[in-house]
Amino acid sequence: MEKIAKKREHITEYADVVVVGAGHAGCEAALACGRLGFKTVVFTVSVDSIALMPCNPNIGGSSKGHLVCELDALGGEMGKCIDRTFIQSKMLNKSKGPAVHSLRAQADKQDYIAEMRKTLENTENIRIKQAEITELITEKREDGSRIIRGVRTGSGAEYMASKVILCTGVYLKARCIYGEVSEYTGPNGLRAANFLTQSLIENDISVRRFKTGTPARVDGRTIDYDEMEEQKGDEFIRPFSFTNEPEDVMRDQASCWLTYTNERTHEIIRENIDRSPLFSGEIVGTGPRYCPSIEDKVVKFPDKERHQIFVEPEGYYTNEMYLSGMSSSLPEDVQLQMVRTMPGFSHAEIVRHAYAIEYDCIDATQLKNSLEFKNIEGLYAAGQINGSSGYEEAAVQGLMAGINASLSLKGREALVIDRSEGYIGVLIDDLVTKETQEPYRMMTSRAEYRLLLRQDNADLRLTEKGHEVGLIDDERYSQLLLKKKLIEEEIRRLENTVAGCNERINSFLIKSGSAPLKEGSGVSYTELIKRPELNYELIGEIDDERKELPWRVREQVNIEIKYKGYIERQRQQVEHFKKLERKKIPSDIVYEELKGLRIEAVQKLSRIRPENIGQAGRISGVSPADISVLLVHLEQMKKNRHTV
């Protein structure tokens, strides 16, 4: 019987935006596009991996908490999701100044995934597709640049779109490694995305290889908690989202625990270091400097007698405990030996072994500050594909890519947050300017203006921008304006209210450990608040005119008064910074024609093509002398225009 050949037909569908990947970056990108009214298709290798937390079971932490609060202020989802699903909340660095206070919440991983997936599935304009994207569909122009037209799946189906956002995480040609074992899978045994890298290369996108890792998970029933230090959550729970109040998120909290490695642990690691793929040469990807594996710590810090390990529950409904600080790629038999040397773990059983994971990512200097590729119009990238690490860093990039793709579809200018406006601005500017050679992690020390960029005032800095974009509704924006008004009025009242020298005032001051006022003298309430031993809440005892104000207003009043001198000084620094950022560099400038520029500067400036003088000055290899040459050239161009 003659076989009849069937014509092979493929699906072709159309959308405004395609988002490749549904991790933390992909979720925020898709939600931003969908909420702004654009038909959005989200692709994932597994629907079960939406908002997956394959590593640490927490959101926030030092500087990362700032990012989550900023994301919420702009209209993102991560802060709301963790407020609904945390099992412990803690403010870090409370003994230090407010600039470095950082909120961190332990997450119930499964609850977090379920909540974010539910949000994604029930947002208008969003469709979810389980498929691997293997190819970009682009069109080449006469000038050599390209424009995105859509994507193609492994089955050949085509999804045409005006904008495509790559949020591939650690899945591109992913390889998980521990000991002599090497598996070509994504995190948690999920399938890798093995074909898209080649399409990136064919579209002249520079690709590099990075590496990260994760610790073992231990069965909590096999741990002796009496041998460890209990770490409880805060009594006062501060929400991540400015839409929530403490009473909205109150709940019973789980405990975390603290233990330590010891000399026996380190001895086992040293004895087996030749079996670590990190040191044998098996791993070729560059790992994160600020989140090293335990074997890396032991080798690099031989004099350190112990390293602290935080034992964190993965959720309310599981016995799995995460060993934060013990990332490793050692063989599984060595992992078990070293884990059992720690206090509380002598009979521990490992549920999931630690592993390192290598993956492909891009050189992010190929991106504009909007996260759009310079050479491919309509193509954006966000998250770990840009060389960053961490859920929070990924989420804010996804949000910004989604916002800017949507603004472009509306014919509006991109939203770019600069370094003086947010940690988001610092993160993106560093990625697209500074040629990151390792997975980038956000830290408070990277922000030059961190006293202004506190997590507590993220809404005051950014919610107006979120409203202009369309992600913050009128009601929430009105609440922000009221908050600003209340803060300004209360500070003005305190400046004009004088505490005179009398028995009641001096009795309060002495009781508070503060110097009493001299007879016949008086000081404003703001001067009292500035005293180290006093604050806004304390002087409420003598402030008879005080009205009942929301706690967020009271907090801002106290910080603005107490740190006024430092804040004003930093605002002056920002003005100088803004002047350099306002000096735009023409996009068609030919650096090779500028006399006086060093060869390295010409090469770096020609490749990265900074948008302004401030950004040019932050490029590694561009010196102050090179910037002077640029400034002279721009001034000459300005004069020539005026004389024509």
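Here is what the cut-offs are and how they apply
- Residues numbered from 1 in each chain as written.
- Predicted model: local features only at pLDDT ≥ 70, side-chain atom pairs only at ≥ 80, totals over all residues.
- Heavy atoms only, no water.
- Helix = DSSP H or I, 4+ residues; strand = E, 2+ residues; numbered from the N terminus.
- Rg over C-alpha atoms; globule rule 2.2 N^0.38 Å.
- Buried < 20%, exposed > 50% of the residue type's maximum accessible area, 1.4 Å probe, protein only.
- Contact = heavy atoms within 4.5 Å.
- Lys, Arg positive; Asp, Glu negative; His and termini not counted.
- Charge placed at Lys NZ, Arg CZ, Asp CG, Glu CD.
- Pairing = 2+ DSSP bridges.
- Axes fitted to C-alpha atoms, helices over the stretch in contact; angles between N-to-C directions.
- Patch = residues over 30% accessible without salt bridge, like charges linked within 9 Å, V, L, I, M, F, W, Y side chains within 5 Å.
- Areas by Shrake-Rupley, 256 points an atom, 1.4 Å probe, with all protein chains shown as cover.
- Salt bridge = Lys/Arg side-chain N within 4 Å of Asp/Glu carboxyl O.
- Phe/Tyr/Trp six-rings, centres within 6.5 Å; stacked < 30°, edge-to-face > 60°.
- Lys NZ or Arg CZ within 6 Å of the ring centre and 35° of its normal.
- Core = buried A, V, L, I, M, F, W, Y, C linked by side-chain atoms within 4.5 Å.
- Domains from an automatic or database assignment.
- Polar contact = N/O pair within 3.5 Å; in protein donor to acceptor, adjacent residues only side chain to side chain.
- Buried area = accessible area lost by both parts, 1.4 Å probe.
- Nonpolar A, V, L, I, M, F, W, Y, C, P; charged D, E, K, R; others polar.

A. Local environment of the overall build of the protein chain. Counting its regular elements, the protein chain contains 21 helices and 23 strands. In terms of overall size, the protein chain behaves like a compact globule, its C-alpha atoms giving a radius of gyration of 27 Å where 644 residues would be expected to give roughly 26 Å. Projecting the C-alpha coordinates of the protein chain onto the three principal axes gives extents of approximately 110 × 85 × 50 Å. A total of 644 residues make up the protein chain; the buried ones form 58% of that total. Pairs at least 24 apart in sequence give 72% of the contacts found in the protein chain among residues at least 6 apart. Put simply, the protein chain has 90 plus and 100 minus side-chain charges, and the middle of one group is 4 Å from the middle of the other.

B. Representation of the sheet that holds strand β19 (residues 355–362). Sheet architecture is open: four strands sit in the order β11-β10-β19-β12, paired in antiparallel fashion. In this open sheet, the two strands that pair with only one neighbour each are β11 (181–183) and β12 (207–214). Sheet twist, expressed as the average angle between the axes of neighbouring strands with direction ignored, equals 25°. Strand direction decides the pairing type here: β12 and β19, joined by eight bridges, are antiparallel. Residue K211 lies in a different strand from β19, and its bridge partner there is E358.

C. Here's a closer look at a positive patch on the surface. On the surface, K579, R582, K583, K638 and R641 cluster together into a patch of positive charge. Those elements giving two or more residues to the positive patch turn out to be α18 (564–582) and α21 (624–643). Given the relative accessible area of 41%, K638 is considered partly exposed.

D. The sheet that holds strand β17 (residues 320–324), seen in detail. Reading across from one edge, β14-β15-β16-β17-β13-β18 is the order of the six strands in this open sheet, with antiparallel pairing throughout. Either end of the sheet is taken by a strand with one partner, and the two such strands are β14 (229–231) and β18 (350–352). This sheet shows a mean twist of 35° between the axes of neighbouring strands, independent of strand direction. By the bridge criterion, three bridges tie β14 to strand β15 (residues 256–260) in an arrangement that is antiparallel. Among the inter-strand pairings, E230 is bridged to a residue of β15, identified as W257.

E. Quick look at the packing of aromatic side chains. Scanning the model with the defined rule gives five aromatic pairs in all. The positively charged end of R251 is found above the aromatic ring belonging to F86, 3.9 Å away from the centroid. Between the NZ or CZ atom of R446 and the centre of the ring of Y440, over which it lies, the distance is 4.2 Å.

F. Quick look at the nonpolar core. By size, the foremost hydrophobic cluster in this structure holds 106 residues, and its most contacted members are I165 and L166. No other element matches the ten residues that helix α11 (residues 391–409) contributes to this core. Each of domain 1 (12–212 + 359–468) and domain 2 (214–355) accounts for three or more of the residues forming this core. If we ignore the near neighbours within four places in the chain, the residues touching L166 are V20, L136, L196, L200, F373, L379, Y380, A381, A382 and I385.

G. Looking closely at the environment of S512. Within the fold, S512 resides in the loop between α15 (503–511) and β23 (522–524). The sequence separation of S512 and L534 amounts to 22 residues, and the corresponding C-alpha distance is 7.3 Å. If sequence neighbours within four positions are ignored, S512 has contacts with E533 and L534. From its side chain, S512 meets the backbone oxygen of F508 in a polar contact 2.9 Å long.

H. Broad picture of the domain arrangement of the protein chain. Structurally, the protein chain comprises domain 1 (12–212 + 359–468), domain 2 (214–355), domain 3 (474–566) and domain 4 (583–643). Tallying the contact residues gives 14 residues for domain 1 and 13 residues for domain 3. Summing both sides of the interface, domain 1 and domain 3 together bury roughly 1,200 Å²; the carbon and sulfur share of this comes to 56%. The largest share of the area that domain 1 buries against domain 3 comes from L451, L460 and H467, three residues that together contribute 40% of it. The tally of links between domain 1 and domain 3 comes to three salt bridges. Note that R476 is salt-bridged to D72, the shortest N-O span being 3.0 Å. Of all the secondary-structure elements, those providing two or more residues to the side of domain 1 that touches domain 3 are α2 (64–74) and α13 (458–469). Classifying every residue of the side of domain 1 that touches domain 3 by side-chain character gives four nonpolar, four polar and six charged.

I. View of unusual backbone geometry. Located in the positive-phi region is A51, a residue other than glycine, with phi close to 55°. Assignment of secondary structure puts A51 in the loop between β2 (40–44) and β3 (58–60). Judged by its relative accessible area of 0%, A51 falls in the buried class.

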